[in-house]
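Secondary and tertiary structure notes
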Amino acid sequence: MNALIPYLVSVFLLLLIGLGCLMMKRDMIRMLIGLEILFNAANLNFVALSLSRAGFVDPLGQSIVMMAIVLDGCVIAVGLAMVLNAYKHYGTLDVRKLRRLRW
Amino acid sequence: MGLEVISTYPGPWLAWMIPMAGALLMPLLAKAGDRVRDLAAVLFAFAAVLSTFSMIPWLISGEYPGDIKLLTWIAFPDKPPLEVGLLVDPLSIIIANVVSFIAFLIVVYSVGYMHGDPCLTRYWFFFLFFIGSMLLLVLSDNFIMLLVGWEGVGMCSWGLIGFYYRDEKENWLGGPPPTPMYPPSHCGMKAFVVTGFGDVLLLAAIFIIYHYAGTFNFLELIEAAPHWLSAIAATPGLLSLTALLLLGGPIGKSAQFPLHEWLPEAMAGPTPVSALIHAATMVKAGVYLVARLSPIFYIGYWVHGIAEAITFFTAIAVIGAFTAFLAASQAMVALELKKALAYSTISQIGYMMLALGVAGLGEGALLPGLTSGVFHLLSHALFKAALFLCAGCAIHAVESIYMFDMGGLRRWMPITHILMLIAALSLSGVPPLSGFWSKDAVFLSCLYAGSPLAYALLIVAAITAAMTFFYSLRFISLTFYGEPSHHVEELEREHHIHEAGPIMWVPIAILDALVIVIGLLGLIGLVAPSLSPEHIIEGKLHLMLHEMEIPLPSHVAAPSPIGTISLSAAMLLLGGVAGYLFYLARRIDPKEFVESSPILRGIYSFLWNRWYINPLYYAIFVDGLLAFKDAIFKFFESAVVDRGLNEGVPAVFTGLYHRVKRLQTGVLSYNMLYIALAYIALLLTLLYLMGGV
Amino acid sequence: MMPNPLMQVLLIPLLSTPLIYLYARRAGKYGGYAAAIPLTYTLLLLLALLNEVLKGASHLESYTWAPGAALTFGLLADGLSIWMLLTINLLSLLVSIYSVRYMEHRFEEEHEGHEHFSKSDYANYYALYMLYVAGMMGTVMATNLIEFYLFYELMLIPSWLLINNYGYGERERIGMMYFLWTHVGAVILLVGLLSAYWVTGSFEISALPAVASSPNAPLIAVAILIGFFTKMAVFGLHIWLPYAHAEAPTPISALLSPAMIGIGAYAATRLVLLPMSTIFSHFSLIFSLWALVTMVYGGLMALAQDDVKRFLAYSSISQMGYIFLGMASVSTLGVSGAMFHYVSHGLGKCILFCVAGILITQVGTRSMKHMGGLADRMPLTATLALIGVFSIAGVPPTAGFMSKWLIFSGVFDSSLPSLDAAVFAAVSIIMTVLTVGYTLWMIRRVFFGPLPEGLREVREAPPVMTAPLIILAAISLILGVYPRLITDSLLPLIGSLLG
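Report on the accompanying structure. Owing to the predicted nature of the structure, the values given are computational and were not obtained by experimental measurement. (Residues numbered from 1 in each chain as written. Chains lettered and ligands numbered in written order. Predicted model: local features only at pLDDT ≥ 70, side-chain atom pairs only at ≥ 80, totals over all residues. Heavy atoms only, no water.)

Some thoughts on the overall build of chain C
- Helix and strand counts for chain C come out as 20 helices and 2 strands.
- If you line up chain C on its principal axes, its C-alpha atoms span 65 × 55 × 40 Å.
- Counting every position in chain C, which comprises 499 residues, the buried fraction comes to 68%.
- When the accessible area of chain C is evaluated, it comes to approximately 15300 Å², of which 67% is carbon and sulfur surface.
- The averaged location of the 25 negative side-chain charges in chain C is 4 Å from the averaged location of its 23 positive side-chain charges. (Helix = DSSP H or I, 4+ residues; strand = E, 2+ residues; numbered from the N terminus. Buried < 20%, exposed > 50% of the residue type's maximum accessible area, 1.4 Å probe, protein only. Areas by Shrake-Rupley, 256 points an atom, 1.4 Å probe, with all protein chains shown as cover. Lys, Arg positive; Asp, Glu negative; His and termini not counted. Charge placed at Lys NZ, Arg CZ, Asp CG, Glu CD.)

Here is the structure:
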């Protein structure tokens, strides 16, 4: 378990970076990159924890990561499509301009 | 028990059932035509007379049925049931006969007086229902049935006072301006509310008694009196409270101070109504109830020594005497004829209450007190009804309620004049008419009581007697003697003022004849005591009290009648001289007399404004109440409760909503911030729950 | 003897609702007569049951409902609930006949100018009416807390819809006000009911006496009572009633005011007063004071009203004060008087609200300032109003006299031998003069005095509106003269339940 600490710390840092990026950036593409960072953090978490038992690599963790990578790719693809449409509609990549879903 | 009771003793039951049935049938009979309807009303009233007359043999023989029960009205799970029953004993037989006989005469009078009125069906309905309720009141054997009759007569009184509910100007009374004038519908309401106040006090007392005695029945209450009286007296002050509450009903119904202000306004009703309800019968209901209950408190105080029981007698004696004085003083300055008679009624009932009150102030005074109270009730009913009916004839002829619009009517209405004069002399207590004997009996019973209080009240009663003669002479002379007023002369020019028809003066003549007969019997009774009406009544009541097992002292020192007779004579002289000087001979002008000194003017205005009691009541209970409720409605109900709850609470929530909704900015970054914060909160909670950090 | 009479009493109105709806879509206003048919049938069933109950038996039906949750659907008609059922049924029957003419007037007023308006309004009205009646009957018959709550809310929804769609003034807002007030009270009630379940382990009302042993019993009792006090509109929780009852369509006011708010009193008696009487008696003093304040306050506010329906609404608040006072005395006579007063007030107030409706249809105004002298034009209505007023003020020979003296006899019974309490009881009985005052004042303002010019053409109401009132007045008089019909079954039951 001690060996995993660096990995778990990096996961946590990546989470922070990703969330912070989503909170603070106003460019939609940059937010997608932040989202991607969050995905990578999650994947790294699974990989790290699959090594939690000494001398044994849990195949479940590794397989989940394989599937997740595929799904992440699809999500980003869809996200890019949405960003493209939003840009066509609003003429800007600034996410703060999209605020019609408000009170 | 059971319905065969009605066939065994038909008189008492039919006496009140027939008039009530007649009342309910009136709308149907009216369809058969006016004359049929009027004849039917007279027949129903006559049937009541026959029923009550059928009870007189019991009175004479001394074998009366007592308590006769019909059926169970309400069955209580753990107490004896409340039954429908009648108490037929000398007291109720005497008063029932007075009621039904006078009611019959007045019904006949009404046929003439109210002839042509379009709403006569409604009149007969209330009138007959009144007769039935009054007889029920007098004959019932328990408090609750008495209350049914009591409130029934109150309702009929309301309906009949407010008979002219359209409030046409000619039916208003009061004034002349600037004194306020009141419409009939207002007067009816006033009567119902004021007597209603007295009624609830009576109710309160009945419930207190019921709690301790477990029964509403009068005979059972008398029998068990020592037991429940001492149970009530165990709580200090409770028996006095009960006695005062109990008196509240009679004080209200019989228009005694402080609930006397409804009777003058009740004159808004048609005159036969005033004669029957407000002179002869309904206002006597209170006297009847006090008489019915006095044996109980007598036993309580004189036989079992319960100290608080005397409050009953002290209170009613003082109130009676004071009211007599109060009302007589107001009658001296009244300008409306019927108002003068109304004040006179209040005053005379004060005498009756005084008599019943002193009945308990001395150990030997119960029988004399009861006798004089009942005798004066009978005597007063006769002459006061006669007075009102005559007043009705005069008012009808002159088309005005004010005495200053009359004057010199002796010329055109000789019969009415004689009849009214006889009745007025009886009212004043001029020998040898019935009023003299009954008033003398009241004075005598004060002497029987013998206590200092009784003597003091006797003085008050005597002064009142002087005032009575004064105001009687006043209203007789203002109406019949002297110069006719402008109003009368005008009327005489337009259409001759004429005497009332026989259908109206024959009943009055019958009443006056009875007044004279009783007076003569009283005179004969000086030499042959068994014929004296007072002696007869005393004998019957003595029998009744004996049957109730009330221990009367065997030897009572009879005070000398010379004292009371000389007192009466002195008072008659006093009042007579004053009345003669002011009104008969017109030696002194009353107006100048009053204006001559500021003190007299002050007294005059004090009396004219009804000792300022009526204005005070209006200020507190009418104006004050109306202002109070408006103030509460405006400042509390609308401003605080309504706005606070119906508008305030929603406003709080909408205010909250308006603030919270601003969190939904629509900006993605803020949403992410909220997510981040939620994560942190979740993390911290988990860590706390897991017991770490 | 029909099988399962109580279930029929409940189901027949419910099942006839769609039939009445369809009929009223064709026949319009005559839907009222159609609605009267199932109600007449249930009335006859109840009268047959009354015969049984008067002999001392009580009628209980149980059906399985949700055995897994230990719930049985029970319907009870004993000396107490049979009178509530009869009153509700009778009032609903007569008011549905009354509605025929009244709702015709209402809809004509609403759709003024439109040649043909659809009859669906009538259909909705009568359908909702039947649901409302079924809800009220179910509440009174329930033996099970969940069943009770179900019907309690069930009677709320149709009445809310009726006010919302067919009321006067700001009807949507007032409908919402009425719904929210009652519902918030009902939620608090639910908390109490569920806590009672948690203590006793059973949802049956007959199991409630066991709550008294729990240390939280006063809190549970208060929670349950708050819900019912809101329904009864006691002082402090009363402000919704004048709005709701004044702006509801008048036949519905004639049911809301007499029948429904009294159910709050009945439920308080059935659920708290009788099972947990010792706990209830702890609060006796506060409740008595509260009841007196309600009585006086309602009366005073009634005097301040010009709108005849608001006047009657405040009068209902005052009358609920009477009933509350009877309940607060926790004595056999007092509680029986309170339940009897439900019947006599129900009869009287229904007459009066229907008279108000007659005034609206015949005179065209609700403002008493513009009325006067109407006894000339409408003598029958005036007489009926007078009987209604006497029934409320407690003047014999109406039923109100009987119920009033039973209540106050009970109040005195419980207050003696303490002198202070006796004085309080005397004060409370003196305050009833206020009722006499304000009712007679209203009669005077509306029916007596001179007739204004504009009202000379007013005509008497048609028989379809006055006949129901004559029946109600007759019943009030019969009960006033022969109260044993009610007291024989009511007094022993309350006496035995109070212990």
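Remarks on the state of the cysteines
All names here are of chain B.
- The final tally for this structure, using the stated rule, is 0 disulfides over all chains.
- Free of any disulfide, cysteine 156 has its nearest cysteine sulfur in cysteine 119, 16 Å distant.
- The class for cysteine 156 is buried, based on a relative accessible area of 0%. (Disulfide = S-S within 2.5 Å.)

Looking at the pattern of salt bridges
Residues and elements named next belong to chain B.
- Scanning the model with the defined rule gives 26 salt bridges over all chains in all.
- Among the salt bridges present, the one from aspartate 38 reaches arginine 37, with a minimum N-O distance of 3.3 Å. Each member of the pair aspartate 38 and arginine 37 is classed as buried.
- Ionic contacts of the salt-bridge type, sharing partners, join the residues Asp67, Lys69, Glu83 and Asp141 into one network. (Salt bridge = Lys/Arg side-chain N within 4 Å of Asp/Glu carboxyl O.)

Considerations on the interface of chain B and chain C
- Of the residues lining the interface, 55 residues belong to chain B; the matching set on chain C comes to 60 residues.
- Interface of chain B and chain C: buried area, both sides summed, is about 5000 Å²; carbon and sulfur atoms make up 75% of it.
- Our count for the chain B to chain C interface comes out at 2 salt bridges.
- Ionic pairing is found between aspartate 376 of chain C and arginine 166 of chain B, a salt bridge with its closest N-O pair at 2.6 Å.
- Taken together, the elements giving at least two residues each to the side of chain B that touches chain C come down to strand E1 (66–74), helix H7 (143–161), helix H8 (184–213), helix H11 (238–253) and helix H27 (613–660) of chain B.
- Sort the elements by how many residues they give to the side of chain B that touches chain C and H8 of chain B lands first, with 16 residues.
- Looking at side-chain class alone, the side of chain B that touches chain C contains 37 nonpolar, 9 polar and 9 charged residues. (Contact = heavy atoms within 4.5 Å. Buried area = accessible area lost by both parts, 1.4 Å probe. Nonpolar A, V, L, I, M, F, W, Y, C, P; charged D, E, K, R; others polar.)

So, a negative patch on the surface
- On the surface, Glu63, Glu220, Glu223, Glu547 and Glu549 of chain B cluster together to form a negatively charged patch.
- Position of glutamate 547 of chain B relative to the elements: it lies in helix H23 (residues 533–547). (Patch = residues over 30% accessible without salt bridge, like charges linked within 9 Å, V, L, I, M, F, W, Y side chains within 5 Å.)

Observations regarding the arrangement of the chains
- Ranked by contact count, the leading pair among the 2 pairs of chains in contact consists of chains B and C.
- Where chain A comes nearest to chain C, the C-alpha atoms are still 24 Å apart, and the two do not contact one another.

Things to note about the pairing of strand E2 (residues 82–88) of chain B
- The buried count for E2 of chain B comes to 7 of 7 residues, which makes it a mostly enclosed element.
- Alternating residues of E2 of chain B divide into Leu82, Val84, Leu86 and Val88 of chain B and Glu83, Gly85 and Leu87 of chain B, and every residue in both groups is buried.

Some thoughts on the nonpolar core
- In this structure, Phe475 of chain B together with Leu374 and Trp405 of chain C are the most contacted members of the largest nonpolar core, which totals 458 residues.
- A per-element tally of this core places helix H17 (residues 366–398) of chain B first, with 22 residues.
- Setting aside its immediate chain neighbours within four residues, leucine 374 of chain C contacts Leu359, Val363, Val446, Phe447, Leu451, Leu455 and Val458 of chain C.
- With 13 residues, the next largest nonpolar core counts Leu19, Leu38, Phe39 and Ala86 of chain A among its residues. (Core = buried A, V, L, I, M, F, W, Y, C linked by side-chain atoms within 4.5 Å.)

Topic: unusual backbone geometry
- The step from proline 177 of chain B to proline 178 of chain B runs through a cis peptide bond, and the omega angle for that step is 20°.
- Its location among the elements puts proline 178 of chain B in the loop between strand E3 (173–174) and strand E4 (181–182).
- With an omega of 5°, the peptide bond between proline 396 of chain C and proline 397 of chain C qualifies as cis.
- Within the secondary structure, proline 397 of chain C sits in the loop between helix H15 (379–393) and helix H16 (399–415).
- Positive phi is not limited to glycine here, since valine 330 of chain C has a value of about 45°.
- With respect to the helices and strands, valine 330 of chain C occurs in the loop between helix H13 (308–328) and helix H14 (332–362).

Some thoughts on the interface of chain B and chain A
- Taken together, the contact between chain B and chain A spans 12 residues of the former and 12 residues of the latter.
- In total, about 1100 Å² of surface goes out of reach between chain B and chain A, with carbon and sulfur atoms giving 71% of it.
- For the interface between chain B and chain A, the tally reads 0 salt bridges.
- Inspection of the region where chain B meets chain A yields 0 residue pairs in polar contact (both at pLDDT 80 or more). (Polar contact = N/O pair within 3.5 Å; in protein donor to acceptor, adjacent residues only side chain to side chain.)

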